[in-house]
Amino acid sequence: MKKLERIGLFILNIFFITVCFGVMVPILYAFSVSLNAGNSILGSDFSFIPRAFTLNNYRAVLFDQPVLLWLGNTVILAVSSVTISMLVAVPGAFSLSRLKFRGRKHIVKGLILLYSFPAILSMFAIYRLLSPLGLINTKIGLIIIYVGTMAIFGLLNLKGYFDSIPGEIEEAAGIDGANTFQKITLIMLPLAKPALIVTGMMVLIYVWNEYIYAITFMTGQSNYTLAAGLYSLQATEMSGSWPVFAAASLVVSLPILVIFFAIQKYMVSGLTAGGVKM
């Protein structure tokens, strides 16, 4: 039996290793293109190992193209959206999870219903709401859109996690004299650290990669986000440069990768680990 388990485990490992290599192929392909002096990605003369090696494409990204400007715009949007979304989601999730009041279940159902609609359906309505306020083509307007979208996601995600935390922990804290604010900050938040980090990371990834709202409500190259700016680099096959586009795509992905690897140990931890630390 143990021999069969080892064989099954070996086959499973080979399968996942193969899947990982398959996922890495597009990234390696983009890296190869970014180091290529030519502008061909599908031609018969293209080689996965560049025949004409160059770093000029990365120099063009850093100095010739406004990628760093787009990066700054995206960082402002991402940090503001994540911060405000979490400040809204945490107390909202706690209230819907722990406080008993009339209409609580209807509120949750309403939020789920609102979040289920495709974002494209609300585009015109959002434009009509923001236009009279002068928030079109402004970072504040885009932040409002992102917060309105992702705060609901964060609230629902955190509510499910708060629901899994035993109520006896709060009852014990209440007996010791803790008020509601202390229960949230000293009990719920430390136990929910993995969920908070994962939720914040997902909000960050959404804002970092969001394209439809960014290209609709922000015009002008100086106001572009990374998603809109990268598309402008390769808007047409005649004027665009595939190697520069590939280099820019890899460069703007690095911050997300660094953050992901920095918080990876928290993302794989669970509720029990948080309880032990308490």
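Just so we're clear, the structure is a prediction, and the values are computed from it rather than from any experiment. (Residues numbered from 1 in each chain as written. Predicted model: local features only at pLDDT ≥ 70, side-chain atom pairs only at ≥ 80, totals over all residues. Heavy atoms only, no water.)

Draft legend 1. A look at the overall build of the protein chain. The secondary structure content of the protein chain amounts to 14 helices and 0 strands. Ordered by position from the N terminus, the helices and strands of the protein chain form the series α-α-α-α-α-α-α-α-α-α-α-α-α-α. Every one of the 278 residues in the protein chain was classed for burial, and the buried ones make up 36%. (Helix = DSSP H or I, 4+ residues; strand = E, 2+ residues; numbered from the N terminus. Buried < 20%, exposed > 50% of the residue type's maximum accessible area, 1.4 Å probe, protein only.)

Draft legend 2. Quick peek at the packing of helix H11 (residues 226-233) against helix H12 (residues 242-262). Contact pair H11 / H12: the axes reach a minimum separation of 9 Å and the direction vectors enclose 165 degrees. Considered as vectors, H11 and H12 are oriented roughly antiparallel to each other. You can see that H11 and H12 cross each other, and the crossing is left-handed. For the pair H11 and H12, contact is made by Leu226, Leu230 and Leu233 and by Phe245, Ala248, Ser249 and Val252, respectively. Among the residues making up the contact of H11 with H12, the classes are represented as 6 nonpolar, 1 polar and no charged. (Axes fitted to C-alpha atoms, helices over the stretch in contact; angles between N-to-C directions. Parallel < 35°, antiparallel > 145°, perpendicular 65-115°, else oblique. Left-handed = near helix turned anticlockwise from the far one by under 90°. Contact = heavy atoms within 4.5 Å. Nonpolar A, V, L, I, M, F, W, Y, C, P; charged D, E, K, R; others polar.)

Draft legend 3. Up close: the packing of aromatic side chains. Counted under the stated rule, the structure contains 7 aromatic pairs. Relative to Phe217, the ring of Tyr213 lies with its centre 6.1 Å away and its plane at 35 degrees, an arrangement referred to as tilted. Of the two residues, Tyr213 and Phe217 are both situated in helix H10 (residues 212-217); the distance of 4 residues between them amounts to about one turn of the helix. In this structure Tyr213 comes out as buried when scored by relative accessible area, which is 3%. Phe217 gets classed as buried once you look at its relative accessible area, which sits at 3%. One aromatic cluster is present, formed by Tyr127, Tyr213 and Phe217 through successive ring pairs. (Phe/Tyr/Trp six-rings, centres within 6.5 Å; stacked < 30°, edge-to-face > 60°.)

Draft legend 4. Seen up close, the side chain of Glu210. Turning to its location among the elements, Glu210 is positioned in the loop between helix H9 (193-209) and H10. Buried charge Glu210 goes without a salt bridge, the closest partner of opposite sign being Lys139 at 14 Å. Among the polar contacts made by the side chain of Glu210, one reaches the main-chain amide nitrogen of Tyr213 at a distance of 2.6 Å. Excluding its chain neighbours within four sequence positions, the residues that come into contact with Glu210 are Tyr146, Thr225 and Ala227. (Lys, Arg positive; Asp, Glu negative; His and termini not counted. Salt bridge = Lys/Arg side-chain N within 4 Å of Asp/Glu carboxyl O. Polar contact = N/O pair within 3.5 Å; in protein donor to acceptor, adjacent residues only side chain to side chain.)

Draft legend 5. Geometry of the pattern of salt bridges. Going through the model one piece at a time under the given rule, you end up with 2 salt bridges. The closest approach of N and O atoms between Asp163 and Lys159, which form a salt bridge, is 2.8 Å. With Asp163 and Lys159 both in helix H6 (residues 139-164) and 4 residues apart, the pair spans about one turn of that helix. Judged by relative accessible area, which is 39%, Asp163 ranks as partly exposed.

Draft legend 6. Inspection of the layout of surface pockets at higher detail. Here the largest pocket defines a volume of roughly 470 Å³. Contributions of two or more residues to the lining of the largest pocket are made by helix H4 (104-116), helix H5 (123-130) and H6. Residues that form the lining of the largest pocket fall into these classes: 15 nonpolar, 3 polar and no charged. The computed volume of the second largest pocket comes to approximately 370 Å³. Along its surface, the second largest pocket is lined by 16 residues, and Ser249, Leu250, Val252, Ser253 and Leu254 are the ones closest to its centre. (1 Å grid on protein atoms, 1.4 Å probe; cavity = no way out; pocket = protein on both sides within 12 Å on 5 of 7 lines; lining within 4 Å. Points joined across faces, edges and corners; volume = space filled by probe spheres on them.)

Draft legend 7. Focus on the confidence of the model for the protein chain. Confidence in the prediction for the protein chain averages 80 pLDDT; 89% of positions are at 70 or higher. Under a pLDDT of 50 for its full length, residues 270-278 has, in the predicted model, 13 contacts with residues more than four places off or in other chains. (pLDDT = per-residue confidence, 0-100.)

Draft legend 8. Region of interest: helix H2 (residues 56-64). The complete set of buried residues in H2 reads Asn57, Tyr58, Ala60 and Val61. An end-on view of H2 places all buried positions within 155 degrees of arc, on one side of the element. Where H2 is buried, its residues contact helix H1 (2-34), helix H3 (67-98) and H12. (Arc of directions from axis to C-beta.)

Draft legend 9. Inspection of H1 at higher detail. Helix length check: H1, at 33 residues, gives a terminal C-alpha distance of 48 Å against a target of 48 Å (1.5 Å per residue), a fit within 8%. Within H1, the full set of buried residues consists of Ser32, Val33 and Ser34. For H1, the secondary structure elements touched by its buried residues are H2 and H12. (Expected span 1.5 Å × (residues − 1).)

Draft legend 10. Structural view of the packing of helix H7 (residues 167-175) against helix H8 (residues 180-191). Close contact between H7 and H8 brings their axes to 11 Å; oriented N to C, the two are set at 155 degrees. In terms of axis orientation, H7 runs roughly antiparallel to H8. When the axes of H7 and H8 are compared, the crossing they make is right-handed. Residues Ile169, Glu170, Ala173 and Gly174 of H7 touch H8, and the partners they reach there are Lys183, Ile187, Met188 and Leu191. Of the residues in the contact of H7 with H8, the class split is 5 nonpolar, 1 polar and 2 charged.

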